[in-house]
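# Structure assessment
Chain by chain, the residues run as shown.
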Amino acid sequence: MELKFPPSLIILCFFFVFVCGDAIESPQYTVVHSESDFEVRLYRETAWMSAPVRGISFDKATREGFHRLRQYVHGANTNSSQLKMTAPILTTVIPQEKSSDYLVSFYISSRLQQSIPLPLPQQNLQFKKWGNHCIAIRKFSGFAHDTNIGDEVGNLVASIGEPHLPNSNISEGYFSTFKVPI
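For the structure given in this document, a descriptive report is provided here. (Residues numbered from 1 in each chain as written. Predicted model: local features only at pLDDT ≥ 70, side-chain atom pairs only at ≥ 80, totals over all residues. Heavy atoms only, no water.)

## Quick look at helix α1 (residues 58-73)
Compared with an ideal rise of 1.5 Å per residue, which puts 16 residues at 22 Å, α1 spans 22 Å between its outermost C-alpha atoms and is within 8% of the ideal. Phi turns positive, to about 115°, at G75, one or two residues after α1. (Helix = DSSP H or I, 4+ residues; strand = E, 2+ residues; numbered from the N terminus. Expected span 1.5 Å × (residues − 1).)

As structure tokens, this is what we get:
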């Protein structure tokens, strides 16, 4: 059976999911296709706060972007509000001619999507709403790093086939089992 994905397909590499005692809100989805090494999920409209990061490594971009988003979550916003952590944290890789740009994103809780606190200007964060969209997911153990992200994306590309690919890919991480010191 040949798969036909909608044009809004985004490739997503899925990190190992840790189990923790507190329920962390995540975007809702429906699995629309499943195979042994990947699945395609349909996500409803969601809102994200994103930190753009230019031309450094995947590891450094994820760390820098997450640090700015963590500051936003812990009160670096116009309301000085403390927000509940959600999952996942996404790192979008946007290939450029000589390097890559990155967009590290935090899912905005459905309870806040009508009254989202604005980030402080020095955080250099961007609010984005995503319409309904499909994402191809490949699960693998461990964390994505500069040393393995290319191989994992390549494995997903091989599974779903070149004709269905967009010009960027996203990796998803769950940071739910540890707390970053403030």
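So that's the structure; there's more coming.
## Regarding the pattern of salt bridges
It is possible for side chains bearing opposite charge to pair when their charged atoms get close. Applying the stated rule across the entire model yields six salt bridges. In this structure, R68 engages E64 in a salt bridge whose closest nitrogen and oxygen atoms are separated by 3.2 Å. Of this pair, R68 and E64 both sit in helix α1, four residues apart, which is roughly one turn of that helix. (Salt bridge = Lys/Arg side-chain N within 4 Å of Asp/Glu carboxyl O.)

## Observations concerning empty space enclosed by the protein
The tally for this structure, following the rule as stated, stands at two cavities of 30 Å³ or more. Approximately 30 Å³ is the volume attributed to the second largest cavity. For the second largest cavity, the full set of lining residues is F66, L69, R70, V73, M85, I89 and F106. Tallying contributions element by element places α1 first for the lining of the second largest cavity, with four residues. Of the residues in the lining of the second largest cavity, the class split is six nonpolar, no polar and one charged. (1 Å grid on protein atoms, 1.4 Å probe; cavity = no way out; pocket = protein on both sides within 12 Å on 5 of 7 lines; lining within 4 Å. Points joined across faces, edges and corners; volume = space filled by probe spheres on them. Nonpolar A, V, L, I, M, F, W, Y, C, P; charged D, E, K, R; others polar.)

## Quick look at the side chain of E39
Within the secondary structure, E39 sits in strand β3 (residues 39-43). Within polar-contact distance, the side chain of E39 engages the side chain of R41 at 2.7 Å. When neighbours within four sequence positions are excluded, E39 is seen to be in contact with Y29, V31, H33, S34, I135, A136 and I137. (Polar contact = N/O pair within 3.5 Å; in protein donor to acceptor, adjacent residues only side chain to side chain. Contact = heavy atoms within 4.5 Å.)

## Topic: helix α2 (residues 149-160)
Helix length check: α2 (twelve residues) gives 17 Å between terminal C-alpha atoms against 16 Å at 1.5 Å per residue, within 8%. Residues of α2 that are buried: I149, E152, V153, L156, V157 and I160. Mapping the buried residues of α2 onto a view down its axis gives an arc of 140°, with all of them on the same face. Of the exposed residues in α2, those oriented more than 90 degrees away from the buried face are D151 and A158. A positive phi of about 95° marks G161, the residue just after α2. (Buried < 20%, exposed > 50% of the residue type's maximum accessible area, 1.4 Å probe, protein only. Arc of directions from axis to C-beta.)

## Considering the pairing of strand β8 (residues 133-139)
β8 sits mainly inside the fold: six of its seven residues count as buried. Bridging between β3 and β8 involves five bridges; their strand directions are antiparallel. Its bridge partner lying in β8, Y43 is registered against H133. (Pairing = 2+ DSSP bridges.)

## Re the nonpolar core
One finds M49, L69, Y72, F106, I108, I116 and L125 to be the most contacted residues of the largest nonpolar core, which totals 14 residues. For this core, the elements supplying multiple residues, two or more each, are β4 (46-53), α1 and β6 (100-107). With four residues, the top contributor of residues to this core is α1. Look past the residues within four positions of I108 in its chain and what remains in contact with it is A47, W48, M49, Y72, Q113 and I116. Of all hydrophobic cores here, the second largest spans ten residues; its members include V53, F58, V93 and F140. (Core = buried A, V, L, I, M, F, W, Y, C linked by side-chain atoms within 4.5 Å.)

## Some thoughts on the packing of aromatic side chains
Any pair of aromatic rings gets described here by the distance separating the centres and the angle formed by the planes. This model, assessed by the stated rule, comprises four aromatic pairs. Seen from their ring centres, Y29 and Y43 are 5.2 Å apart, and the 45° between their planes marks the pair as tilted. On the criterion of sequence distance, the pair formed by Y29 in strand β2 (residues 29-34) and Y43 in strand β3 is long-range, its members being 14 residues apart. For Y29, a relative accessible area of 38% corresponds to the partly exposed category. Across from the ring centre of Y29, 4.1 Å away, lies the NZ or CZ of R41, which sits over that ring. (Phe/Tyr/Trp six-rings, centres within 6.5 Å; stacked < 30°, edge-to-face > 60°. Lys NZ or Arg CZ within 6 Å of the ring centre and 35° of its normal.)

Function cannot be inferred from these measures alone, as they are strictly geometric.
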